[in-house]
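# Summary of the model geometry
The primary structure of each chain is shown beneath.
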Amino acid sequence: MTAGAMRITIGALVVVFGLVIMGAVAWLTLSAEGPEQPIEFMHSVHVEQNDIDCQFCHRNVETGAEATIPAVEQCMICHKVINGENPKVTNPLHVAEIAKLQAHWENREPIDWVRVHVMPDHVRFVHAAHIKAGFDCATCHGDVGSMERVKQVRSLNMGDCVGCHRENNAPTDCTICHR
Amino acid sequence: MRQAAEGQEQDTSKPVTSIGRRWGMVVDLDRCTGCQACVVACHAENNIALNLEDVVLQQRAMNWIRIERYWEGEYPNVKARFLPMFCQHCNNAPCEPVCPVYATYHNREGLNVQVYNRCIGTRYCANNCPYHARFFNFWERDLEEEQREYLNPNVTVRTKGIMEKCTFCVQRIRKSEWERRHADEELQDGDVAPACVQACPTDTLVFGNLEDENSRVAKLAENKRHYRVLENLGTDTNVIYLKKVDPHASETAPAHAGAAANSGRNSA
Amino acid sequence: MRRRDVLKLAGTSGIGMGAAVAFAGCGTPEREFHIQSPVDIPEDTVTGLDAWYASICQDSGDGSGVIVRVKSGRARKIEGNPDYPLNRGKTSARTQAALQTLYNPDRIPNPMVPRRKRDSSRYRFMRWDEVLPEFQEKLSAASNGGIVMITEPVNGHLGMILERFTQNIGARWLTYEPLEKAAVRQASSLVFGTTRVPQFDIANTSYLLSIGGDFLEGGDSPVHYGRAYGNFRQGAGRSRGTFAHFDTHLTMTAANADEWHPINPGTEGILALSIAHAILDGRAVPAALQPLTGGEGNLEAYAAEQVADATGVPAEVIQRVAHDFAAAPTAVAMGGGSAAGHTNGLFNMTAIFALNLLKNNVRQKGGVLLNAPSPLEDIPAEAPVTSFQDWETFLNEVDNGQVPQVLLVHGANPVFGLPGVLNAASVLGRIPYIVSFSNVLDETTALADLILPDHHFLESWGTSVPPLGAEYATLGIQQPVVRPYHQEFDGAAGTRAFADVLLGLAQTLGGPLTEALPWESMRDAIRASVDELQARGEGSVTSDDPEVFWLSVLQRGGWWVPAESVSPAAPDLSSLQVAEPDFSSDAQAYPYHLVVTPSVLLGDGSGSLAASPWLQSTSDPMTTGVWGTWIALSPKTMEALGIQENDIVRLTSVAGSMLAPVYPYPGIGEGVVSVPLGQGHEQLGRYAENRGDNPLRILAPVVQEQTGALAWSATRVRIAATGRRTRLPRIEGITAPVQMPDEKTFQITNES
Ligand code: SF4
Ligand code: SF4
């Protein structure tokens, strides 16, 4: 085997290896449980058990580009009373996690959540436009209400977006999504 | 590709398939004072890399919009003329056919679009642009924490190896679009103003839909002073300039700007 | 509270790590794997739209009204406030760049004291409660007249507070303006009866005559005049205005004139009188203008042919301009710039302004409009300006042993701006206790024993009465649009608003001070004034409910009411002395006339504009030079001296010397040298320090007659090559010009 051919083989191997890794990452992102968060926030408790609307916390979703993560102040609207001192909160895990939240509030310290849906920097996504067009949160996010730890259920890569745009006769010009 | 076969008639005034919207700008040279507000506004809006001293000395400074200054005549009859120059969003763009990966293309709204994540940095487009409107990112950004705070969240921070240029602030176009759609309304003339247009104290720059004959920009484009820069190249730009008025033009000035004695000054 | 460093990867699960590793290679910053819950509900979460707050920009030099886009708690973009009467939605380059003075990595984040006295290289950060007691003690001890306060000229509420504070604590208040406009102010008081420089209505005039005026680059408000200029040229429903300009060299304003003529420095007043002579065309000089004749009773000495040599302007040009000025349906005469900086600046400006009296255009559309007064009696529209003469006296006193005990400095940088021969740094350095309120380390702050950093103006309260405003009496309100970037939530460390510190002192020091300044904070002081405005029930905002009124005023960026017409006082020129310019030194030894030009980007170098990389890297309109100082010389002078482009030369005046590379400037005569201001800082952080040179340092300390101001145009220099070369960074040449020699790219027409 000549040196040149060798180099090509190694190059090919690197490419294949890279693809395998990327595939594995995609598979992991989609299949496994979502990432661990600084506070074990459970959507299932809030949505399924207590029937809170998505928009109660993600307030901007109808009007803005970002759905927005609620501020600590907003969590505290309820958790001022729903906490360890409240006899109805019995689960020790819940008590402990709510205590973490209260600590953030008292120390006036923002919470650094781990992002679940990461869009690359060059993508412009406007939540409001999709809600306006009549889509459900679940179309892209899955049944978050029943998840203990949120995970990504759709690939949300370019093919995914373009496919959906085509099906729904939405514009597919690059500048619609790329910025 | 829209190069017409020889002898074949074609209407170059419209993009490939018109959708009733063709963004364009009118630049009234009789108003421009050279104040540079547009230049800084563009930097602030579009997260353009800082042109530090060594970047300028290496001749790699990026200005999506720049004010070219031409000297004319000899002292004491010398004059300085200002010409705002930026991507002309050519309908017949020389930069587009040379891109091997279609990272730059013409969209149906008349915009010459640069898709950053598709760009592989061959720089062919920059070499082919007669207006020198394209700039290449030779470096990765090195920003302080403080300097990240004012970045515009609606615009990508370009990385090393990518070509960039004026986008007509496409993020603002999209924003106005969906804000109107949200209110179930049509986009109105004057809804969209790129950063330079909004800043310009003298109203030199006017932006709008050239296809809407009632728009301010379309009316101004009909002004008898209108012309396009490097018109004879056939680039068919979406930026229309209005001639500078100089009552003494015929007395002192040569027929075109930049007396030969000074023409080297701009091309060092 | 400072945003926590979110770089460290919190996710410890395999997924988190896996994703991070895979993307690290593609350059996605790890920070993007985090999303932050702010502590308080941000206001933009209520509407989902960007939050825009109205405020005032202090960096632009004119207090432009702005609206600021705030997203995720950070200011992201500044635009003009479309309602604000001064600038109507327009902005200057400086206003646009204010984001960089706000998020300046070299801002002083906390109170600090130098580790060694007068050593600005090492500091210790402090908490406010650690430094305030000692500061108060020193102040009380010195309050019998041992305090000196130095600020920039400020109007609005801060002006009022400073005035009352200094008065009641027995302090001496000095304000510092590098290129003093005393001649312009005094001339307008002689001619128009008001020290506030009037608004020249160029938007509606058909003929604009400007002698040395620099209204597009310096002056009172380049944004206001820029907007007016656009309408002057191509405004709807009017024919194109004509603009003639005379200046020592081709400035940016001159470059926009239809005709520009060089004029010998210092002869601007003579030219104006010659134009007046031609306009009068044999008629008698009106009584009001008699003092300008120097007792002759007529202006025959100023006939065009007589002054052509002295002024360097051909007689037929003078006659033509005079004819056009007189014949135009409306015409206005402006002046300023270097014409006002000569020893005879007052005479120059008075003669220029007096041309308007011949045209009878005061309070006429397209003429001279008088500014409305401040809407509130106790809120000054103008700040007192300490003249250069008084500065000299003060420094002499200190030098001779009359040393005050405490010096307070805010917003002014006399060490940078005063001529080098005054040795301001070492003289001021003798004051035993210096406190600076600057939030950047400038040259004056470098002397301080204690630095109590102010908030940025986008983080604090204030007001502004715009410098121009004939149509409306306006009070612009500067509200904090973002939380202070450098501040712990308990306020123990970080920056603190200067006005609030003063008001806090007034509360604790007691006595008449507390009575004069009864407010706890600047916000309360402004609120009290706004309540007064509400009671008037008129203006841009009205409401019966004080709370609604207050919020609406904040939302609009201020309050304004159509101005009642101000009747001008009769012109009274009797105190004027007709004068020739006097140059500091003999023409033999110092053959070149030095013109220092404020940069449209960096201004005169005061403030922290030079710390903004945007302003530093934006091309100077005329030379396209960036990141430095240059010396603009005529190509002919260069040839005569054997100097090439980019050669470093030394300019020497009687007062000192400076170094900078040469730029061949086609728009300047052989006897004139022009140097831009704004650079030459020894301090001011990484982007400004040790860059270029500061021509203010080498100005001869010559005083203007009658005004006591510094005659900053009266310096002559000689030029010497150093044999060294450098490359002046500039924007031209980076892209080839789009102009082709055989083709009309920059097109011009002579029909409007
Ligand atoms: S101006 Fe240059 S970059 Fe812009 S469309 Fe034309 S060729 Fe392309
Ligand atoms: S902001 Fe307007 S007037 Fe100023 S340089 Fe730009 S185009 Fe010209």
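Our structure is the block above this text.
## Observations regarding the sheet that holds strand β2 (residues 51–57) of chain C
Residue and element names in this part refer to chain C. Taken in spatial order, the three strands make up an open sheet running β2-β3-β4, and their pairing is antiparallel. Only two strands of the sheet have a single partner each, and these edge strands are β2 and β4 (74–80). Averaged over all pairs of adjacent strands, the angle between strand axes in this sheet comes to 35°, irrespective of strand direction. Note: β2 against strand β3 (residues 64–71), seven bridges, orientation antiparallel. Residue pairing in the sheet places Ala51 in a bridge with Val70 of β3.

## Quick notes on the side chain of Asp214 of chain C
Here Asp214 of chain C shows up in the loop between β10 (207–211) and α8 (222–234). Sequence-distant contacts of Asp214 of chain C, that is, excluding residues within four places in its chain, are made with Gly219, Thr253, Gly337 and Pro598 of chain C.

## Some points on the site of ligand 2
Taken together, 13 residues surround ligand 2, and among them Cys32, Cys35, Cys38, Cys200 and Thr202 of chain B come closest. Broken down by class, the residue content of the shell around ligand 2 amounts to eight nonpolar, five polar and no charged.

## Details of the sheet that holds strand β13 (residues 331–335) of chain C
Residues and elements named next belong to chain C. The strand order β12-β11-β10-β13 describes an open sheet built from four strands, whose pairing is parallel. Edge positions in the sheet fall to β12 (259–262) and β13, since each of these pairs with one other strand and no more. Shown here is a sheet whose adjacent strand axes are inclined to one another by a mean of 15°, direction ignored. One ladder, built from four bridges, connects strand β11 (residues 242–247) with β12; its direction is parallel. Counterpart to Ala244 in the pairing with β12 is Glu259.

## Some remarks on the nonpolar core
By size, the foremost hydrophobic cluster in this structure holds 187 residues, and its most contacted members are Tyr241 of chain B together with Ile202, Leu209 and Ile275 of chain C. If we skip the residues at most four places from it in the chain, Ile275 of chain C touches Leu209, Ile211, Ile318, Val321, Ala322 and Leu355 of chain C. Within the second largest apolar cluster, 58 residues are counted, among which are Ala381, Leu503, Ala506 and Leu517 of chain C.

## Observations concerning the packing of helix α6 (residues 156–169) of chain C against helix α17 (residues 498–509) of chain C
Residue and element names in this part refer to chain C. In the contact formed by α6 and α17, the axes pass within 11 Å of each other and the chain directions differ by 35°. By crossing handedness, the relation of α6 to α17 is classed as left-handed. Seen from α6, the contacting residues are Leu158, Ile161, Leu162, Phe165 and Ile169; seen from α17, they are Phe498, Ala499, Leu502, Leu503, Leu505 and Leu509. Looking at the contact of α6 with α17 residue by residue, the class counts come to 11 nonpolar, no polar and no charged.

Conventions adopted
- Residues numbered from 1 in each chain as written.
- Chains lettered and ligands numbered in written order.
- Predicted model: local features only at pLDDT ≥ 70, side-chain atom pairs only at ≥ 80, totals over all residues.
- Heavy atoms only, no water.
- Pairing = 2+ DSSP bridges.
- Helix = DSSP H or I, 4+ residues; strand = E, 2+ residues; numbered from the N terminus.
- Axes fitted to C-alpha atoms, helices over the stretch in contact; angles between N-to-C directions.
- Contact = heavy atoms within 4.5 Å.
- Near = heavy atom within 4 Å.
- Nonpolar A, V, L, I, M, F, W, Y, C, P; charged D, E, K, R; others polar.
- Core = buried A, V, L, I, M, F, W, Y, C linked by side-chain atoms within 4.5 Å.
- Buried < 20%, exposed > 50% of the residue type's maximum accessible area, 1.4 Å probe, protein only.
- Left-handed = near helix turned anticlockwise from the far one by under 90°.

Coordinates in, geometry out; function isn't part of it.
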